[in-house]
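A look at the structure
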Amino acid sequence: MSTLVDRIAQPWGGRTPYGRHGAWPARVDAHLAGGVRPEAVDQWVRTASILHSDGDAMDIAVRHGRVVGVRGLVTDRVNRGRLGPKDLFAWQANASSDRLTKPLVREDGRLVECDWDTAMNRIVSHSRSLLGERGPGSIGFYTSGQLFLEEYYTLAVLARAGIGTNHLDGNTRLCTSTAAEALKETFGCDGQPGSYDDIDHADVIAFFGHNMAETQPVQWMRVLDRLDGDDPPRLLCVDPRPTPVARRATVHLAPRGGTNVALFNALLHEIVRAGHIDVDYIEAHTVGFDELAKAVEECTSRWAADICDVPAARIGEAAELLGTAEALLSTVLQGVYQSHQATAAAVQINNIHLVRGMLGRPGAGVLQMNGQPTAQNTRECGANGDLPGFRNWENDEHVADLARVWNVEPATIPHYAPPTHAMQMFRYAEQGFIRMLWISATNPAVSLPELSRVRSVLSRDGLFTVVQDLFLTETAQLADVVLPAATWGEKKGTFTNADRTVHLSDKAVEPPGEARPDLNIFLDYAARMNFRDKDGGPLIDWTDAESAFEAWKRCSAGRPCDYTGLTYERLSRGSGIQWPCNEQAPDGTARLYTGGITWARPDECETYGKDLVTGASVSVVEYRSLNPEGKAMLKGAEFLPPHEAPSSTYPFQLTSGRTVYHFHTRTKTGRAPQLNTAAPDVWVEIAVSDADAHGLGEGDLVEVTSPRGSLRARVRVTDIRPGLLFVPFHYGYWDTPGGHEPGGATHGRAANETTVTDWDPASKQPVFKTCVAAIDLVEKSLGQPSAAPTTTASAPARVESGVPATEGGAAGHAEETTDPYGNDTSGGRP
């Protein structure tokens, strides 16, 4: 049976309930352009989502050489045919009239069109000049979480072994570096232990700083279907906002910003005190329990209640929920990761699972989630700064092994110091040490903290900036060379989601104008630079996506993220496959650590770890003495208060985050009419009591100010915790009057005008969640509401506010069917 559902008003669609340990029923979601019937589609082309880390598999509808819609892939393990709002509608951005179609170079202060030879020759000339005059440390690369695996791997090889620079990182530093660091600190290696399938089996699901409903909407559909089925799970939600997750939670904790470590220490204290621990598991598979128990010995619920501003009784209820679970699944995201003690907090969640023995079996797992569709690939391929294949840059044998794969001398691969993280790269550019910065598929002029400083860095006369993107973003406007890139649907490659599921994305249509796939751009650069291996052959000898994938497989062989059992042909079948996939696991691996910890031994681990409070590195000698057998490491951490505290001048904490309708800086979703109409402009959320105290009401225009800068937005009064303001970080200036000129906008609109240049000491992830701010009225609303959606965490607290409901109208409808073959939407293909 097929139904048309307004997927703006109902972001998660209809329900298909199922019971614990059951199979998630299929439901096909589809949306085609107006007037296009399924039978008129010329071709359906396989891909997956590029706008969040779910990895929702889908088919692209092609008619007359153009993308005209999408439908969910019913056979895929990740989504069983479902699609979220961004999946359903954002494909329209591919055909936007303002796509970049020719290279641009800066002449007399203006960007002007040119041919590819002119643009690439300028980049190559600058590269060679800097290498000759200043060496490889003068060149840096800042990439994305949205490219394909083959592109990241090629970039890592040309940067590390071609240029020889240590300056390579991705915008995954902003969203997933803490996930990687926390997994390395606990298990000695990156890689998600859990699986999305654990949702089917868990009796308790804990969401730590993770608004799954808006960041991974299809997996939230899965949770909703479990909640409506037999034996539903109990939910714990730790979030200061009234998210859809919080509204369905058995226990909801809304702590003061920056106090997660205190809260999690108290949860551990109560679990240990009550004896809800698996002594046999702790003895067999961990080290450090006595030290951890001592670290949390005084961290009672009452102690944490004062710090976190959460009732002690509620903390006790949460600990009881965690401590009595038969199968506990925890998911973690930015509410934990974007704080000053990010890694310390995330590791405590790992600790909860270890002391309870909740790993490696159905329903018992932890997902240190990702925020971007290919964030996992940046980490695997080394485009996040680490060495490819989860190799340890401090282990000479690992470096030599990578050098063997690349056929270069080990000294060619920089490993004299920790890889340079993104925030430090921009600092080096500010100081003049980095003289060329190549930015691909990301928009730091909106997404990095303290934007006035970022704009100043990118505008420096001594910095040569290359931007590779789809549109003339705020960052591209400041570039010296702009390269037009192809995107999802216009190129071929693989990408891996947050539970290690690898999907193949096929090319459906040609890119516009002269736009090229990112892989082709990197290959062209490597050829023009004439990078060579130690025998004089080409350093990069692959020529297309599939040969690049085969090269990556050789690099991943025998490593934790082993891809050797995968091929493009296998990935073109009915479902994505979870790595490791090799001779030992030919069908992939659902869960890691089913038989104990496998990659933490001193000679095999990806890292020797860091001090969670200071970020200081642990030496190999210390690691060997503490963990000679390679067990999971239980690491405690003392609570430290946030670096900024509210004052009479700045009485609020300010946090930023996402909405279900947009992705990052809206370069794609802002060009999809349904999504843009649902959330067209920035807003600021404030608690009822704070709004009343400041004389503010729905839709009032206010100025939010921090010690770094300010923005203007309209008020949405919600049930957010008192003392906290929330601003979505998606909004920049490209679609504002004057926004196409650097600094042309009259007033600040971006949340990051206000945020602070500060980062977690271990993961180096920026702090977006705990800066201080003031709020001042600019003008009363006169009945004009804010642009905030009513369907999500930004729902108004007051029924009488008169805010119209968020809805999509006819254009926002999508087809849903519970027939596994999709009926009319199938186009004859299951």
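Definitions and limits used
- Residues numbered from 1 in each chain as written.
- Predicted model: local features only at pLDDT ≥ 70, side-chain atom pairs only at ≥ 80, totals over all residues.
- Heavy atoms only, no water.
- Pairing = 2+ DSSP bridges.
- Helix = DSSP H or I, 4+ residues; strand = E, 2+ residues; numbered from the N terminus.
- Axes fitted to C-alpha atoms, helices over the stretch in contact; angles between N-to-C directions.
- Buried < 20%, exposed > 50% of the residue type's maximum accessible area, 1.4 Å probe, protein only.
- Arc of directions from axis to C-beta.
- Contact = heavy atoms within 4.5 Å.
- Expected span 1.5 Å × (residues − 1).
- Polar contact = N/O pair within 3.5 Å; in protein donor to acceptor, adjacent residues only side chain to side chain.

1. Describing the sheet that holds strand 18 (residues 481-484)
Spatially, the seven strands line up as an open sheet ordered 7-6-18-17-16-8-9, and their pairing is mixed. One side of each edge strand has no neighbouring strand; the edge strands of this open sheet are strand 7 (110-113) and strand 9 (168-170). Sheet twist, expressed as the average angle between the axes of neighbouring strands with direction ignored, equals 20°.

2. Topic: helix 17 (residues 422-431)
Looking only at helix 17, the buried set comprises Ala-422, Met-423, Met-425, Phe-426 and Ala-429. For helix 17, the angular spread of the buried residues around the axis is 160°, confining them to a single face. Once helix 17 finishes, Gly-432 follows within two positions and takes phi at roughly 95°, a positive value.

3. Points about the environment of Ala-498
Here Ala-498 lies in the loop between strand 19 (493-496) and strand 20 (501-505). Residue Ala-498 is classed as buried on the basis of its relative accessible area of 0%. As for Ala-498 and Val-399, which are separated by 99 residues in sequence, their C-alpha atoms are 27 Å apart. Residues contacting Ala-498, with those up to four places away along its chain left out, are Ser-53, Gln-192, Tyr-196, Leu-367, Met-369 and Asn-370.

4. Some points on the sheet that holds strand 29 (residues 813-817)
The strand order across the open sheet formed by six strands is 1-29-2-5-4-3, and the pairing between neighbours is antiparallel. Only two strands of the sheet have a single neighbouring strand rather than two, namely strand 1 (2-6) and strand 3 (43-48). Taking the axes of each pair of neighbouring strands and ignoring which way they run, one obtains an average angle of 30° across the sheet. Both strand 1 and strand 29 contribute to a ladder of five bridges, which runs antiparallel. The residue of strand 29 that forms the bridge with Ser-2 is Thr-817.

5. Describing the pairing of strand 17 (residues 464-469)
For strand 17, the buried fraction is high: six of the six residues fall into the buried class. Residues of strand 17 alternate between two faces, with Phe-464, Val-466 and Gln-468 on one and Thr-465, Val-467 and Asp-469 on the opposite face, all of them buried. For strand 16 (residues 436-440) and strand 17, the ladder comprises five bridges, and the chain directions are parallel. Bridge pairing in strand 17 places Ile-439 opposite Val-467. As paired strands, strand 17 and strand 18 are joined by four bridges and run parallel to one another.

6. Regarding the environment of His-421
Looking at the element boundaries, His-421 is found in the loop between helix 16 (396-406) and helix 17. On the basis of relative accessible area, His-421 is assigned to the buried category, the value being 9%. For the pair His-421 and Arg-15, spaced 406 residues apart in sequence, the C-alpha separation works out to 43 Å. With near-sequence residues (within four places) excluded, His-421 lies in contact with Asp-169, Arg-173, Trp-759 and Lys-764.

7. What about helix 20 (residues 518-529)?
The end-to-end C-alpha distance of helix 20, which contains twelve residues, comes to 17 Å, matching closely the 16 Å that a straight helix rising 1.5 Å per residue would cover. In the segment just after helix 20, Asn-530 is the residue with positive phi, at about 55°.

8. Digging into the side chain of Thr-243
In this fold, Thr-243 is placed in the loop between strand 11 (234-238) and helix 7 (244-248). Here the side chain of Thr-243 touches Ala-246 through a polar contact of 3.0 Å, landing on its backbone nitrogen. Dropping the residues within four chain positions of it, Thr-243 is found in contact with Asn-211, Cys-237 and Ala-793.

9. Describing the environment of Thr-47
Take Thr-47: it is sitting in strand 3. Owing to a relative accessible area of 1%, Thr-47 belongs among the buried residues under this scheme. For the pair Thr-47 and Leu-483, spaced 436 residues apart in sequence, the C-alpha separation works out to 24 Å. Thr-47 has contacts with Asp-56, Ala-57, Met-58, Ile-60, Trp-488, Phe-495, Leu-504 and Ser-505, leaving out every residue within four places of it along the chain. There is a polar contact of 2.9 Å between the side chain of Thr-47 and the side chain of Trp-488. A distance of 2.7 Å separates a polar atom in the side chain of Thr-47 from a polar atom in the side chain of Ser-505.

By themselves, these are just geometric observations and shouldn't be taken as functional.
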